[in-house]
Amino acid sequence: MEPTAPIPPVQSRKNNLKTAIYIIATLVLFVFALDLMVSSLQHIGKSAAETIIQATSNPFTALFIGLLITAMIQSSSTTTAMVVALVASNSITIQSAIPIIMGANVGTTITSTIVSLGFINRKKEFRRAAAAGTYDGIFNILIVVILFPLEYYYGFLSDLSQWVATYLFHPGATATSNAFSQKWYMFGPIVKGLVDLIPNGFLLAALSFVLLFTSILVFRKLISGLLLASSPERFSRFFFKNAWKSFFWGTVTTAAIRSSTITISVVVPIVAQRIVTLRKAAPFILGANMGTTITAFIAAFFNANTAGAVSIAIAHFLFNLIGVLIFYPIPILRKVPLELASRLGKLTTKYRLTVFVYILMIFFFIPFSLIYLNKDSVEVVEATYERNVVAERAISTYTIATKFQTWNKTGQMLVYNNPDDEPSLIFPMYRKNNILFLNNEMYMFNAPGFCWDGESNNRKYRMCIEQVIPSREFRAISFDSVYVYSQKFYNDPDSAYANIYISKFYPLILRREHHVRGTLTETEEITGFAKK
């Protein structure tokens, strides 16, 4: 057989140029798809927005959503980009998004586990392949076991990531708009044209998802071809020389491909065939976990005007970084995921179905069980209000959908001026002991006469508790333990003030009265209330 003729230098340069053009084109497609997704999510309407909120309100459900979606599409990059888009479009809060990111980190490991099944007919190789294929999953599960309770009870990751993000942004209430703007203005006319042409938010979201997923798949294929990842021996000699080099190349390679699925899946046959040991391959896998966070940062960069988008990218990075810092520098802890993966691999020598049981338990049975056991951990209420501008005799209505988590009393409010449109305002709320925070305003449940200073919309005010009413009706709706507050602004203490009514048991303003020089000028009062 005659040897293949070498590719001429000119042809090689043409091929490299063509590949470079393809890479740039897929990156542009990724940015466009992300822009379109954010815009489409802002046009999905009230019912869809509430569906998303209720689906992600329970962190166990959100964890399973991230796990299941990633396992189905086998791309954590797509999932994280979608999550950034959801946060950027104000469809979910960062607190609801973090469990999805955690789930995506676990869900992406199903591919390497499935790859290990290719060696099921070869006993010894299957043992090593099973250990390598499940190592990343076990590692990410251990991180979830440590960090999920900290986030669940104390908001550890969300608070830490938002604290880091505050160096660049000042998070607060975020007004939504039909025309989403970001750095890449060249896409603005195209996106606006598509929104006008296809007013259905669901179709736009589906189209943007297909484009996003396609861009990542094509980008992956192009870069992995350049890296010659198909040669295991060459791959091994270059990437696994020492632990730090292995970690570095795991990070860089995965960041370039934007897929830990490919890089880790390549490691499985290398370990199975004893080209490299799992112990030497482990740093590369940990580096791959770090490299996969680049997608969230890319997506956040193109939505850098949104503090939440940056915060969730930082949270994704911190999740993986903290895991590496916990399990790698300390020799005793470093052995934990290695030992668990090795034992699972050894178990396959006796029971070939071990890996199948692992997949069923981790990706289906346990998540469904946790969702069922925590199905009542979130409360969602909807309230309708009537606004009356007395002087103009103008009466209008609006709706507020509130969801809050019963264990830590945190949540968010969505304000709808039109029930059929997208929310006009989304802001956070949380309760800590006897203090309720609604957006930037603080309300304390103390004895009458207690006062404190606050600031809202750059206006400083003095808030005092006037009285506590055991029970009061608002438009035939009865609420218990109603606190009445007076709010006076320092720049206009005598002429303008407000009276505010809030129930101690619900994070809702029941009535707000605006007075100017002793005359009632405007009222906002609850007219409908329902739990969902």
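**Description of helix α14 (residues 278-291)**
Between its first and last C-alpha atoms α14 spans 19 Å; for 14 residues at 1.5 Å apiece the expected length is 20 Å, and the two agree. With 12 of 14 residues buried, α14 is to be regarded as a mostly interior element. Regarding α14, the residues found buried are L278, A281, A282, P283, F284, I285, L286, G287, A288, N289, M290 and G291.

**Details of helix α17 (residues 331-347)**
Taking 1.5 Å per residue, 17 residues should reach 24 Å; α17 reaches 24 Å between its end C-alpha atoms and fits that length. The principal kink in α17, of about 25°, is found at P337. All of the buried residues in α17 are P337, L338, A341, L344 and G345. Its buried side turned inward, α17 meets α7 (123-154), α14, α16 (307-327) and α18 (354-373).

**Digging into the pairing of strand β7 (residues 441-444)**
Side chains E441 and Y443 project from β7 onto one buried face, and the interleaved M442 and M444 project onto a second face that is buried too. Bridge analysis of strand β6 (residues 435-438) against β7 gives four bridges, and the strand direction is antiparallel. The residue of β7 that forms the bridge with L436 is Y443. Here β6 folds back onto β7 in antiparallel fashion, the turn holding two residues, of which N439 has a positive phi close to 60°.

**A short note on the pattern of salt bridges**
What the rule picks out here adds up to 10 salt bridges. Two residues, R475 and E525, come together in a salt bridge whose shortest N-O distance is 3.7 Å. In this pair, R475 is assigned in the loop between β9 (459-474) and β10 (477-489) and E525 in strand β13 (residues 519-531), connecting sequence segments 50 residues apart. R475 sits in the partly exposed class, given a relative accessible area of 42%. E513 is the partner of R511 in a salt bridge, and the nearest nitrogen-oxygen pair spans 2.6 Å. A relative accessible area of 13% places R511 in the buried class. One continuous salt-bridge network, built from bridges that share partners, spans E386, R475, R511, E513 and E525.

**Things to note about the side chain of R511**
Here R511 shows up in strand β12 (residues 509-516). Side-chain polar atoms of R511 contact the side chain of E513, separated by 2.6 Å. Separated by 2.6 Å, the side chains of R511 and E525 make a polar contact. Setting aside its immediate chain neighbours within four residues, R511 contacts R472, F474, N499, I500, Y501, T523, E524 and E525.

**Digging into the state of the cysteines**
A complete count under the given rule lists one disulfide for this structure. Put simply, C451 and C464 are joined by a disulfide, and their sulfur atoms are 2.0 Å apart. The disulfide joining C451 to C464 has a torsion of about 115° about its S-S bond and is therefore right-handed. Taken together, the positions of C451 in strand β8 (residues 451-456) and C464 in strand β9 put the pair 13 residues apart, joining distant regions of the chain. We classify C451 as partly exposed; its relative accessible area is 24%. Overall, C464 belongs to the buried group, its relative accessible area being 14%.

**Considerations on the environment of G345**
Secondary-structure assignment places G345 in helix α17. Under the relative-accessibility criterion, G345 is labelled buried at 0%. G345 sits 219 residues away from F126 along the chain, and the two C-alpha atoms are 7.6 Å apart. Excluding residues that lie within four positions of it along the chain, G345 makes contacts with R127, A130 and A131.

Calculation criteria
Numbering of residues starts from 1 in every chain and runs along the sequence as written. Per-residue local features of the predicted model are confined to residues with pLDDT of at least 70, and side-chain atom pairs are confined, for both listing and counting, to 80 or more; whole-chain, interface and lining totals are unaffected and use all residues. Hydrogens are left out, water is left out, and the side-chain values use all remaining heavy atoms of the structure. We count a stretch as a helix when DSSP gives it H or I for four or more residues in a row; a strand needs E for two or more, and each element gets its number in order from the N terminus. Each residue after the first adds 1.5 Å to the expected span of a helix. Accessible area is worked out with a 1.4 Å probe on protein chains only. A residue is then buried under 20% of its type maximum, exposed over 50%, and partly exposed in between. Note that the bend at a residue is defined as the angle between axes fitted to the seven residues ending at it and the seven residues starting at it. In what follows, residue pairs with any heavy atoms lying within 4.5 Å of each other are defined as contacts. Paired strands, as defined in this entry, are two strands with at least two bridges between them according to DSSP. Salt bridge, as used here, is a side-chain nitrogen of Lys or Arg placed within 4 Å of a carboxyl oxygen of Asp or Glu. Under this definition, polar contacts are N or O atom pairs within 3.5 Å; protein pairs additionally need one hydrogen-donor-capable and one acceptor-capable atom, and for neighbouring residues in sequence, both atoms have to be side-chain atoms. Any cysteine sulfur atom paired with another within 2.5 Å is treated as part of a disulfide.

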